[in-house]
Amino acid sequence: MQEIKLRKIVGYAYRNVPFYRKRFDDAGTKPESIKSLDDLSKIPFTVKTDLRDNYPLGILAVPPNRLYCLHASSGTTGKPIVVAYTRGDLERWSKLMGRTLDITGAKKGDIVQNMYGYGLFTGGLGFHYGARAIGATILPTSVGNTKRQLMLMKDLRSTVVTSTPSYMVYLVEASRAEGYDPRTDFALRIGIFGAEPWSEESRKRIQDGFGLRAHDVYGMSELYGPGVGIECERQNGLHIWGDEFLVETINPDTGEVLEPGKEGELVFTMLSREAMPFLRYRSRDLSIVYEEECACGRCHSRIARIKGRSDDMLIVGGVNVFPSQIEHVLMNIPGLGDQYQIIVSHKELDRLAVKVEAPPESLRDPNMPKRIQEDLFAVLSIRADVELVELGTIPRSEVGKARRVIDLRPKD
Ligand code: ADP
Ligand code: ZN
């Protein structure tokens, strides 16, 4: 099935997307030469910067009037990455999301409290479509407003919850502070958490705190959104839906394809995406692929929990932040020095702080921090604490460079 789909999608991308035609021609690869899964490595990679260079919709394979919806996620500069879906794409994604919920044991009759953000971010609507696909009852609370989340969770007897893991860890404490006993006041059975790295320690805290089973879910906007991979009840690696995604691991420095079982950068080929067929898309996420059959009996291969990223992207409370985005904002504000520091910490929730050097006139300008904060918010969609400091006060390394990113979050 994968081979049939691979041959088809390669021909489709070549015929309909000038970007791919050029990539194949430049590499001297004929689409007809991709016959079996063994030929996969002949296909040139697609990378995040290809999307940026073709902003907003340069990789489209269909006329724009066939698009059913558009989503966007933050790119490495101020410009977001825009992703597009035809009606067929939306149906396929919904089915995958239905399966993603189903594998956890969620079903009709469950009340799914969806605490992922609704909007341009794919998390909210992705789980929304999935809950609809399995006939569960959806409670679209979206992000934030913790008091109301907890009240509805209790009063409506939510049984399934979806959110970033860091928010759910926070809710263990927040619910106690609000006077609830998280184990007895709520009816949660299942939790589905992703969009940022997390650990076994966090899993334990969530599971013990709420008395639910916590599943890791993986995805990214370029690959529809969430629901590329999900843990089954064994919680032993995330099954990648193999009828839609071919997964490989490569050495991020050389591009060499690695054997299953070896850690490397995950590379995905989408097998039936209509609007934007991504071939060998480099995720920058580091993991391991396992091909052995899982104890649950499913044959979709698995990946290990995401270990980290091979680029410098930070994930702050589920939101992607590239240091280059912050630099871009700061450099566009007149009257600031060129040294800055990004400090990420965690106290109940992830926090982002930006320290920037400024000459005396700017230090005296009472509106400056607010202006920086607003410009950062416009690009990142998160609030950063901004501090102006005197020129020369941010410590430099021997080569004179400031240490740009300080991540104070506990590793576990
Ligand atoms: P999403 O809507 O899934 O957050 P984005 O495109 O905004 O999509 O971000 C995708 C990135 O989020 C991934 O490349 C990965 O770095 C991170 N991510 C998503 N899910 C997980 C997960 N379960 N564990 C670790 N990182 C994750
Ligand atoms: Zn399994």
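What counts and what doesn't
- Residues numbered from 1 in each chain as written.
- Chains lettered and ligands numbered in written order.
- Predicted model: local features only at pLDDT ≥ 70, side-chain atom pairs only at ≥ 80, totals over all residues.
- Heavy atoms only, no water.
- Helix = DSSP H or I, 4+ residues; strand = E, 2+ residues; numbered from the N terminus.
- Buried < 20%, exposed > 50% of the residue type's maximum accessible area, 1.4 Å probe, protein only.
- Contact = heavy atoms within 4.5 Å.
- Axes fitted to C-alpha atoms, helices over the stretch in contact; angles between N-to-C directions.
- Parallel < 35°, antiparallel > 145°, perpendicular 65-115°, else oblique.
- Left-handed = near helix turned anticlockwise from the far one by under 90°.
- Nonpolar A, V, L, I, M, F, W, Y, C, P; charged D, E, K, R; others polar.
- Donors = N, O, S within 2.8 Å, 3.2 Å for Na, K, Ca; no water.
- Tetrahedral: all angles 85-135°; square planar, octahedral: opposite > 155°, others 65-115°.

### Description of the environment of Ile34
Then step 1. Mapped onto the elements of the fold, Ile34 is located in the loop between helix 2 (18-27) and helix 3 (48-53).
Then step 2. Judged by relative accessible area, which is 2%, Ile34 ranks as buried.
Then step 3. Distance in space between the C-alpha atoms of Ile34 and Lys8 is 9.7 Å, their sequence separation being 26 residues.
Then step 4. Discounting residues that sit within four places of it in the chain, Ile34 has contacts with Leu6, Arg7, Val10, Thr29, Asp39, Lys42 and Ile43.

### A word on the packing of helix 7 (residues 165-177) against helix 8 (residues 200-210)
Then step 1. As a packed pair, helix 7 and helix 8 sit with axes 9 Å apart at the nearest point and diverge in direction by 40 degrees. The angle between helix 7 and helix 8 places the two elements in the oblique class. By crossing handedness, the relation of helix 7 to helix 8 is classed as left-handed. Mapping the contact onto sequence places Pro165, Met168, Val169, Leu171, Val172, Ser175 and Arg176 in helix 7 and Ser202, Arg205, Ile206, Gly209 and Phe210 in helix 8.
Then step 2. Among the residues forming the contact of helix 7 with helix 8, the class breakdown is 7 nonpolar, 3 polar and 2 charged.

### Things to note about the coordination of the zinc ion (ligand 2)
Under ideal tetrahedral coordination, the four donors around a metal are separated by 109.5 degrees; under ideal octahedral coordination, the six donors are separated by 90 or 180 degrees.
Then step 1. On the protein side, the zinc ion (ligand 2) has Cys232 (SG), His239 (NE2), Cys294 (SG) and Cys296 (SG) as donor atoms, found 2.1 to 2.3 Å from it.
Then step 2. One way to put it: the 4 donor atoms around the zinc ion (ligand 2) meet at angles of 104 to 114 degrees, and that makes the site tetrahedral.
Then step 3. Of note, the zinc ion (ligand 2) draws all its donor residues from one chain, in the sequence arrangement C-x6-H-x54-C-x1-C. Of this pair, Cys232 sits in the loop between strand 8 (225-231) and strand 9 (238-240) while Cys294 sits in the loop between strand 12 (281-290) and strand 13 (302-303), and the two are 62 residues apart along the sequence.
Then step 4. A relative accessible area of 1% places Cys232 in the buried class.

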